Amino acid sequence: MFTKKRFFIFVVFFLLLFAVLTYQGIKGDSDTSAIGFLNYPLEILEGGISTLIGGVEGFFSSYILIVGEAEENQRLTEQIKKIEQEKNQYLEAKRENERLRGLLELRSQRTDYIAVADVFARDPTNWFQILWINKGLDDSILKDMVAVTPSGLVGRIHRVFKKRASIILITDVNSSVAARIQTSRIEGILEGRGDNRGYLKYVPQEADVKVGERIVTSGLDGIYPEGILIGFITDVKKEDGALFLLIEVTVAQNLNSVEEVAVLKR
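What you see is a predicted model; the values in this text were computed from it and never measured. Note on numbering: residues in each chain are counted from 1, in written sequence order. Where totals are concerned, whole chains, interfaces and linings use all residues; where local detail is concerned, this predicted model gives features only for residues with pLDDT of at least 70, and gives and counts side-chain atom pairs only at 80 or more. Hydrogens and water molecules were not included; the side-chain quantities draw on all heavy atoms of the structure.

## Topic: the sheet that holds strand E11 (residues 246-251)
Here is step 1 of the chain: By this definition, two strands are paired if DSSP reports at least two bridges between them. In this description a helix means any DSSP run of H or I spanning at least four residues, a strand means any run of E spanning at least two, and both kinds are numbered starting from the N terminus. Strand order around the closed barrel formed by six strands is E6-E7-E8-E11-E10-E9, with antiparallel pairing between neighbours. Shown here is a sheet whose adjacent strand axes are inclined to one another by a mean of 40 degrees, direction ignored.
Here is step 2 of the chain: With three bridges joining them, strand E6 (residues 176-181) and strand E9 (residues 214-217) adopt antiparallel strand pairing. By the bridge assignment for E9, Ala179 is matched with Thr217. Fitted lines through C-alpha atoms give the axes, limited to the stretch in contact for helices. The angle between two N-to-C directions lies from 0 to 180 degrees.

What follows is the structure in structure tokens.
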């Protein structure tokens, strides 16, 4: 019942408004003041509708712009990621080629060359002293063969299986290498200390030893061939009452970053 009354009132209002507007059209502008109060609500309604339409149009324009920018940003981000991946792959390939080129040059220089092997693991129980390579008995790798890189000595073959082998590094505390100071030819024994360093032992106190001198293998232990670079003297100490100098040696090849080695015969 209430809905019918509202509808009836709306129809009457609409007819009255139509009649007034028709009358205004006939009379022209001579009596606009009489119906100005009726036009005012219409003007407000018209203005509100225009504002609403403008706001909606602006919203959709802004939305489309934002969506477009977001899609463009996403596309550019993906493109940057792709470029970074390609750059990283290129750098890795370049470094690998440089390492392999050095190993190939080493092969051409040595008659005792056996094979090149990739390092695929480090011993989890002794992280810095044992490496595992992907060559073994099937590749003519035998115990106590020597592992080197173009930069210097790495270690010797410790355990051998058909397709893999372990290398005990020269910095292992259980490792020892017959060595000599290259310039003075003074001999000693290099013993590992568990990191990228070792101690050259049994060098007399009166020996003239300088920081920076090169240490090479002497070959007197029957394992490591003569003349392979081991490292450089980084510290020399004379201890009161001691018979020998305490000589610290930093290895030439960073053993924490070895990825490939060349294996040499004893």
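There's plenty left to go through after this.
## Focus: the sheet that holds strand E3 (residues 146-149)
Here is step 1 of the chain: Here six strands make up a closed barrel; going around it, the order is E1-E2-E5-E4-E3-E12 and the pairing antiparallel. Ignoring strand direction, the axes of neighbouring strands in this sheet form an average angle of 45 degrees.

## Remarks on the environment of Pro225
Here is step 1 of the chain: Within the secondary structure layout, Pro225 lies in the loop between E9 and strand E10 (229-237).
Here is step 2 of the chain: To sort residues, take the accessible area from a 1.4 Å probe on protein chains only and compare it with the maximum for the residue type: under 20% means buried, over 50% means exposed, and anything in between is partly exposed. With relative accessibility at 14%, the residue Pro225 sits in the buried group.
Here is step 3 of the chain: Separated by 80 residues in sequence, Pro225 and Met145 have C-alpha atoms that sit 9.8 Å apart.
Here is step 4 of the chain: Here Pro225 is in contact with Arg110, Asp112, Val146, Thr217, Gly219 and Lys265, once residues within four sequence places are set aside. Throughout, a contact is declared for two residues whenever any of their heavy atoms are within 4.5 Å.

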